[in-house]
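Reading the structure
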Amino acid sequence: MGRLVTLCTCQWADMEFEATCKLAKEMGYDGLEIACWGNHINLDKAIESQEYLDWILDTLKKYDLQCKALATHIIGQCVGDAPDKRLNNFAPSHLADKPEEIRNWGIEQMKKAAIVANKMGVKVITGFTGSPIWRYLYSFPQTTEEMVEDGFNEIVNLWTPILDVFKENDVVFALEVHPGEIAFDYYSTERLLEKFKDNPTFGLNFDPSHLIWQGIKPHLFLYDFRDRVYHVHMKDAAVTLDGRSGLLGSHIDFGDLRRGWNFRSLGHGDVNFEEIIRVLNEINYNGPLSVEWEDSGMDRVHGATEACAFVKRTDFAPSNVKFDDAISN
């Protein structure tokens, strides 16, 4: 069909930006969904230096790559999470063990992301919101409805001022529904979107890999929330329950074959991408298909190259004729 196939650089931000651009082009990609951390976009620098921002844009042009989205996942996580020492890995080192300062940093960085996206001509920012209530996932000790409702309201209160800046800059936010976020499955997404029903700046980054192992049919999720899907990740996962393994992962790291599920390179898991393409055609989604490559059991260059070809092979245009028109009078 010709939708752009882009590479999400979240898992490649250890590489220098130009080297990532060169490699992405060699692997067959049409563009990048650029991570706003590591060696990729530095938001503070992009705000302060037009020369730096021009270098980012010129480098994309040099390798004939488009950018349709910026990725802010680790930044957004700092906005809505409860105090968590693991956020020290996401925020600047001088903020370590200062949860309120980490949160304030995340809020200001998200606002800067909207300004930078506007300067780049980018309309979508993908990312996470964090969740103050993720630790309540299993309701023991007992979790009250009031505690859950307070958590959803806290996210709305934290993110509304950020979304105001997004709106000022003609940019939308696309939450990747994901464990650890306030919206992590079908009904938590439904609940969150109801909270933001009057704020269309808040939408979704559809990623089937986080749904399939939870027992959710990704194409149904995509269809039901079609009006708020602003970006699409192409990512696969395989469920490998063997009678010993469980869906909660057993505190075993990704890639370990003892886990009950793992992320897999595209086409090596359980996601039915044909059904997803059919829904995307039905809802007239013309944005990019962004490969977020995560497979701890496969070389990433081999896998991401294969994944790009898989997406281009799997994407197809809807029919513009009825198949039986040729036999009508």
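Let me sum up the structure you'll find in this document. What you see as residue numbers is a count from 1 along each chain, following the sequence as written. Thresholds applied to this predicted model are a pLDDT of at least 70 for local features of residues and 80 or more for the giving and counting of side-chain atom pairs; totals over whole chains, interfaces and linings are not thresholded and use all residues. Side-chain descriptors were evaluated using all non-hydrogen atoms of the structure, hydrogens and water having been removed beforehand.

What to know about the overall build of the chain
In DSSP terms, a helix is any run of H or I states spanning at least four residues, a strand is any run of E spanning at least two, and both are numbered starting from the N terminus. Along its length, the chain carries 11 helices and 10 strands. Compactness check: the chain gives a C-alpha radius of gyration of 20 Å against a globular reference of 20 Å for 329 residues, within 12% of the reference. Taken along the three principal axes of its C-alpha coordinates, the chain extends 70 × 55 × 40 Å. Using a 1.4 Å probe on the protein chains alone, a residue whose accessible area is under 20% of its type maximum counts as buried, one over 50% counts as exposed, and one in between counts as partly exposed. Residue burial in the chain is summarised as follows: out of 329 residues, 53% are buried. For the chain, the share of sequence-separated contacts (at least 6 apart) that also reach a separation of at least 24 residues comes to 79%. In these tables, accessible area is a Shrake-Rupley quantity obtained with a 1.4 Å probe, and a residue counts as shielded only by the protein chains included in the view. Accessible area of the chain: about 15,900 Å², with a carbon and sulfur share of 50%. Counting rule applied: Lys, Arg positive; Asp, Glu negative; His and chain ends not counted. Lysine's charge is taken at NZ, arginine's at CZ, aspartate's at CG and glutamate's at CD. One way to put it: in the chain the 33 positive side-chain charges average out to a point 1 Å from where the 51 negative ones average out. Only C-alpha atoms enter the radius of gyration, while the globule expectation follows 2.2 Å times N to the 0.38, with N the number of residues. For this analysis, residues touch if any pair of their heavy atoms sits within 4.5 Å.

A closer look at a nonpolar patch on the surface
Exposure above 30% relative accessible area and the absence of a salt bridge qualify a residue for a patch, where like charges join within 9 Å and nonpolar side chains (Val, Leu, Ile, Met, Phe, Trp, Tyr) within 5 Å. A side-chain nitrogen of Lys or Arg and a carboxyl oxygen of Asp or Glu constitute a salt bridge if their distance falls within 4 Å. A grouping of V239, L241 and L247 is seen on the molecular surface, where their side chains present a nonpolar patch of about 220 Å² in accessible area. Mapped onto the fold, L241 is located in the loop between β8 (236-239) and β9 (261-264).

Focus: the sheet that holds strand β1 (residues 5-8)
Reading around the barrel, the eight strands line up as β1-β2-β3-β4-β5-β6-β7-β10 and close back on themselves, with parallel pairing between neighbours. Adjacent strand axes in the sheet meet at a mean angle of 30°, parallel and antiparallel pairs treated alike. Two strands qualify as a pair provided DSSP detects at least 2 bridges between them. As defined by bridge partners, strand β2 (residues 31-35) adjoins strand β3 (residues 66-71) across five bridges and the pair is classed as parallel. Looking at β3, one finds that I34 is bridged to L70. Each axis is a line fitted through C-alpha atoms, taken for helices only over the stretch in contact, and angles between the N-to-C directions span 0 to 180 degrees. With respect to the sheet, helix α4 (residues 73-80) is in contact with β2, β3, β4 (124-127), β5 (172-176) and β7 (229-234), its orientation differing from that of β4 by roughly 65°.

Considerations on the environment of P161
Turning to its location among the elements, P161 is positioned in helix α6 (residues 145-168). Given a relative accessible area of 36%, P161 falls into the partly exposed group. Considering only alpha carbons, one finds P161 and K111, 50 residues apart in sequence, at a separation of 8.8 Å.

What about the packing of helix α5 (residues 99-120) against α6?
Two numbers describe how α5 lies on α6: the axes approach to 8 Å, and their chain directions differ by 30°. Viewed along their axes, α5 and α6 adopt a mutual orientation that is roughly parallel. As α5 runs across α6, the sense of the crossing is right-handed. Residue-level inspection shows R103, I107, M110, K111 and A114 of α5 in contact with α6, the latter providing E154, L158, W159, P161, I162, V165 and F166. Gly counts as polar in this scheme, as do all residues outside two lists: the nonpolar Ala, Val, Leu, Ile, Met, Phe, Trp, Tyr, Cys and Pro, and the charged Asp, Glu, Lys and Arg. When its residues are assigned to classes, the contact of α5 with α6 shows nine nonpolar, no polar and three charged. When describing relative orientation, an angle under 35 degrees is termed roughly parallel and one over 145 degrees roughly antiparallel, while 65 to 115 degrees is termed roughly perpendicular and anything else oblique. By convention the crossing between two helices is left-handed if the near helix lies anticlockwise of the far one by an angle smaller than a right angle, and right-handed if it lies clockwise.

Considerations on the packing of α6 against helix α7 (residues 186-195)
One can describe the packing of α6 onto α7 by two numbers: an axis separation of 10 Å at closest approach and a directional angle of 55°. Taken together, the axes of α6 and α7 lie oblique to each other. Judged by the sense of rotation from one axis to the other, the crossing of α6 with α7 is right-handed. Contacts between α6 and α7 involve E145, V148, E149, F152, N153, I155 and V156 from the former and S188, R191, L192 and K195 from the latter.

Quick notes on the pairing of β7
Of all six residues in β7, six are buried, a share of seventy percent or more. In terms of strand pairing, strand β6 (residues 202-206) meets β7 through three bridges, oriented parallel. Counterpart to N205 in the pairing with β7 is H231. With three bridges connecting them, β7 and strand β10 (residues 289-291) associate as parallel partners. Following the sheet pairing, M234 is matched in β10 by V291.

Notes on unusual backbone geometry
Note: most peptide bonds trans; most residues except glycine with negative phi. Omega for the peptide link from F140 to P141 comes to -5°, which places this bond in the cis form. In this model, D64 sits at a positive phi of 55°, which is unusual for a non-glycine residue. For D64, a relative accessible area of 56% translates into the label exposed. Even without glycine at this site, S250 takes up a positive phi of about 60°. Position of S250 relative to the elements: it lies in the loop between β8 and β9.

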